[in-house]
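Notes for the structure review
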Amino acid sequence: TSPDYVQLSEMLKEEHNVSMLNPLSNDLSTMRQSLLFSALEAVSYNINRRNSDLKLFEFGKSYHKLEEGFVENKHLSLTVSGNRNAESWTNPQVKSDFFLFKSYVTSILSRLGIEKTKNQPVTSDVFAEGIALTVGTETLVEFGTLKKSILKHFDIKQEVLYADFNWASVLQL
């Protein structure tokens, strides 16, 4: 991915970038630290092609270069934007909202047998409003509405909801 995405979030650090030895281009010269920006690229791509009602997911890894070595973390990301369902004469168009998205996130956890989670406010700088679901001290998922400043960088004018599951923690439970 692009090394410039590090500047969009304070949680990502430039010294943690894993650089490619022989990149295809400058836009593809580092391994990603977050699945968020590739999801926003997909949302922007679809909106530019007049497909604005989106429900996307991705299983993937993030890569970090730390003092003790290289670290790969497994993630599941969900991205929802636009209307809840397709337009028809029997169903009015209703925008996807935070509470619908929260039901998606909690139903994934309950389907995996994880019921007793605690809600905590998110301290991430990418969410305008968000919640983290935790079990003990382990954060399972952070989700919420993305900030307009990040969406503006990808030329997205509609609300985008995003969730990032720490998949290793989910599988451990």
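Quantities reported herein were computed from a predicted structural model and do not represent experimental measurements.

On to the environment of Gly 69, then. The topology assignment puts Gly 69 in strand E4 (residues 69–81). Spatially, the C-alpha atom of Gly 69 lies 32 Å from that of Leu 112, the residues being 43 residues apart in sequence.

So, about the packing of aromatic side chains. Scanning the entire structure with this criterion turns up six aromatic pairs. Note on Phe 37 and Phe 154: the rings are 6.3 Å apart at their centroids and 15 degrees apart in plane angle, and the pair reads as stacked. In this pair, Phe 37 sits in helix H1 (residues 36–48) while Phe 154 sits in the loop between helix H3 (148–153) and strand E8 (160–166), placing the two residues 117 residues apart along the sequence. Judged by its relative accessible area of 7%, Phe 154 is buried. Here the basic side chain of Arg 49 rests over the ring of Tyr 45, its NZ or CZ set 3.7 Å away from the ring centre.

Another aspect to go through is the pattern of salt bridges. Under the definition given, this model contains four salt bridges. In this structure, Arg 32 and Glu 58 form a salt bridge, with 2.9 Å as the shortest nitrogen-oxygen distance. Highlighted residues: Arg 32 in the loop between strand E2 (30–31) and H1 and Glu 58 in strand E3 (residues 54–66), separated in sequence by 26 residues. A residue is classified by how much of its surface remains accessible, and Glu 58, at 24% relative accessible area, is partly exposed.

Our next topic: H1. Taking 1.5 Å as the rise per residue, H1 with 13 residues should run 18 Å; its terminal C-alpha atoms sit 18 Å apart, in good agreement. Taken together, the buried positions of H1 are Leu 36, Phe 37, Ala 39, Leu 40, Val 43, Ser 44 and Asn 46. Looking one or two places after H1, you find Arg 50, whose phi comes out positive at around 60 degrees.

What counts, and at which threshold
Residues numbered from 1 in each chain as written. Predicted model: local features only at pLDDT ≥ 70, side-chain atom pairs only at ≥ 80, totals over all residues. Heavy atoms only, no water. Helix = DSSP H or I, 4+ residues; strand = E, 2+ residues; numbered from the N terminus. Phe/Tyr/Trp six-rings, centres within 6.5 Å; stacked < 30°, edge-to-face > 60°. Buried < 20%, exposed > 50% of the residue type's maximum accessible area, 1.4 Å probe, protein only. Lys NZ or Arg CZ within 6 Å of the ring centre and 35° of its normal. Salt bridge = Lys/Arg side-chain N within 4 Å of Asp/Glu carboxyl O. Expected span 1.5 Å × (residues − 1).

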